[in-house]
Amino acid sequence: MSFALNKEGHMKVLVIGDPLLSSERLEAAVKKILGDVEVARVDWKPASDEEFWFLRSEVEKKGPSAGKPPVEIFDHVGDVDIIITHHTPINAEIVTAAKKCRIIGACRAGVENVDVAAASKQGIAVFHTMGRNAHAVSDYTIGLMLAEMRNIGRAHAELKQGHWKKQYSNAAFVGDMLEKKIGLVGFGYIGHLVAKKLKGFDVEILVYDPYANAADVEASGARLVPLEELCAEADFISMHARLSEATQGLLGEKEFARMKPTAYVINTARAGLIDEQALIKALHDKKIGGAAIDVFWTEPPPADHPFMTLENVTITPHLAGSTRDAFNRTPYLLLEEIKSTISGSAPRWVVNADAVSTDFSGLK
């Protein structure tokens with residue numbers, strides 16, 4: 001395969017920014033890590049923040065064909081070696097037009113916004129960014145556990161309204177973290193960090209992850225258990241799995257029926273891991289103690305969503321991974337990995353490494 005080199009023999013890189021991570025920041029990272037390369041910049045600019053979040057949610061659920069990427073991409077994509085993006089949908093049409101491209105890099109752990117099948121067919125390696133906001137999400141997860149159990153958000157809202165309210169829906173069982181059982185569904189990098197950060201609370205940690213190594217789980221001070229046991233025993237059930245056909249609706253009516261009436265469900269991962277209607281019913285009927293939800297089946301959720309009136313749920317607008325530190329760090333992590341792989345290191349973050357060549361010697 002030939003490479004798209006400019007007249008000086010340098011790589012060409014297309015960076016595609018969005019409202020969360022601009023092309024200007026992506027370009028700065030590219031030039032710092034890859035050096036003297038030619039950079040073309042495009043930004044995905046939906047009409048409003050609301051449209052951006054809606055389209056982002058649609059892409060997460062339905063794939064890159066559901067988005068509306070900027071047409072300006074086609075002014076550049078046919079003559080580049082590398083594409084670096086964040087949330088912008090890279091659909092099959094864009095991939096097909098990227099005739100000389102060898103690498104697509106996504107500044108996120110998930111690659112739902114990239115048509116990986118089309119990229120594989122064209123021999124393009126798709127990189128993702130592992131652990132890019134893991135500290136942010138793990139911090140936030142523990143924050144939501146405390147907020148829901150101790151009614152922090154509700155107490156704040158009541159006091160802002162002039163109400164000195166000290167009793168809430170969990171008044172009969174509001175507790176401490178000490179000696180609670182924490183169930184982690186999924187034990188990847190974020191799950192590991194949550195377990196590590198919870199150690200100081202003196203809790204017992206249960207893990208459900210069919211792909212986890214029992215020795216690794218035990219070394220982290222946790223215990224590997226079936227999902228049924230985790231649901232029955234845990235005081236907190238926190239979601240940290242990736243969304244796939246196998247994990248869609250992982251928590252449903254059957255799982256909620258097994259939970260303690262004092263259990264709290266925490267989701268900072270993907271909304272689709274939980275059956276929405278089953279969760280709403282469990283909360284409405286007080287079958288569980290409460291929930292703290294940062295991700296939604298439609299984003300933003302409609303104004304009449306049941307969560308808006310249920311008294312035993314804490315909701316936040318998909319903020320868990322959204323720290324400036326995480327956003328600023330991400331492109332540098334990704335580009336360091338791409339640079340390392342181009343230099344001959346074994347690919348670690350190529351999601352389709354089994355389908356494409358990762359010999360990038362021509363890009364050096």
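Calculation rules
Residues numbered from 1 in each chain as written. Predicted model: local features only at pLDDT ≥ 70, side-chain atom pairs only at ≥ 80, totals over all residues. Heavy atoms only, no water. UniProt positions renumbered as here; feature names shortened; annotations may be inferred. Buried < 20%, exposed > 50% of the residue type's maximum accessible area, 1.4 Å probe, protein only. Helix = DSSP H or I, 4+ residues; strand = E, 2+ residues; numbered from the N terminus. Pairing = 2+ DSSP bridges. Right-handed = clockwise from strand over helix to strand, strands pointing away. Phe/Tyr/Trp six-rings, centres within 6.5 Å; stacked < 30°, edge-to-face > 60°. Axes fitted to C-alpha atoms, helices over the stretch in contact; angles between N-to-C directions. Contact = heavy atoms within 4.5 Å.

- If you check an unreviewed UniProt entry, the protein chain appears there as D-3-phosphoglycerate dehydrogenase from Centipeda periodontii DSM 2778.
- Of the protein chain, the UniProt comment under Sequence similarities (unreviewed entry) reads exactly: "Belongs to the D-isomer specific 2-hydroxyacid dehydrogenase family."

### Re the pairing of strand β6 (residues 181-185)
Inference 1: Among the five residues that make up β6, four are buried, leaving the element largely enclosed by the rest of the structure.
Inference 2: Bridge count between β6 and strand β7 (residues 204-208): five bridges; the pairing is parallel. Bridge pairing in β7 places G183 opposite L206.
Inference 3: Tracing the backbone out of β6, into helix α7 (residues 189-198) and back to the parallel element β7 gives a crossover that is right-handed.
Inference 4: Pairing of β6 with strand β9 (residues 236-239) involves four bridges; the strand directions are parallel. From the neighbouring strand, L184 faces β9, where its bridge partner is S238.

### Observations concerning the packing of aromatic side chains
Inference 1: All chains considered together, the criterion is met by seven aromatic pairs.
Inference 2: Seen in terms of ring centroids, W44 and F52 are 5.5 Å apart; in terms of plane orientation they differ by 65 degrees. Their pairing is edge-to-face. Both residues of the pair, W44 and F52, belong to the buried class.
Inference 3: For the pair F173 and Y264, a centre-to-centre distance of 6.3 Å together with 45 degrees between the ring planes defines the contact as tilted. Here Y264 lies in strand β10 (residues 264-267) and F173 lies in the loop between α6 (152-160) and β6, a separation of 91 residues in the sequence.
Inference 4: A residue is classified by how much of its surface remains accessible, and Y264, at 3% relative accessible area, is buried.
Inference 5: Grouped by ring-pair contacts, the aromatic residues W44, F52 and W53 constitute a single cluster.

### A closer look at the sheet that holds strand β12 (residues 313-315)
Inference 1: Reading across the sheet, the seven strands line up as β8-β7-β6-β9-β10-β11-β12 and stay open at both edges, with parallel pairing between neighbours. Strands at the two margins of the open sheet, each flanked by one partner only, are β8 (222-224) and β12. If you compare each strand with its neighbour and ignore which way they point, the axes differ by 20 degrees on average.
Inference 2: Its contacts with the sheet place α7 against β6 and β7, and it is angled at close to 165 degrees to β6.

### Here we look at the sheet that holds strand β3 (residues 82-85)
Inference 1: A sheet is described by the order of its strands in space; here five strands give the open sequence β2-β1-β3-β4-β5, paired in parallel fashion. Taken across any chain shown, the strands that pair with only one partner, and hence form the sheet edges, are β2 (38-43) and β5 (125-127). Pairs of neighbouring strands in the sheet enclose a mean axial angle of 15 degrees, with direction left out of account.
Inference 2: Where β3 lies against strand β4 (residues 103-106), four bridges are found, and the strand directions are parallel. Considered in β4, the bridge of I82 is made with I103.
Inference 3: Where helix α1 (residues 23-34) meets the sheet, its contacts fall on β1 (12-17), β2 and β3, and the angle it forms with β1 comes to roughly 150 degrees.

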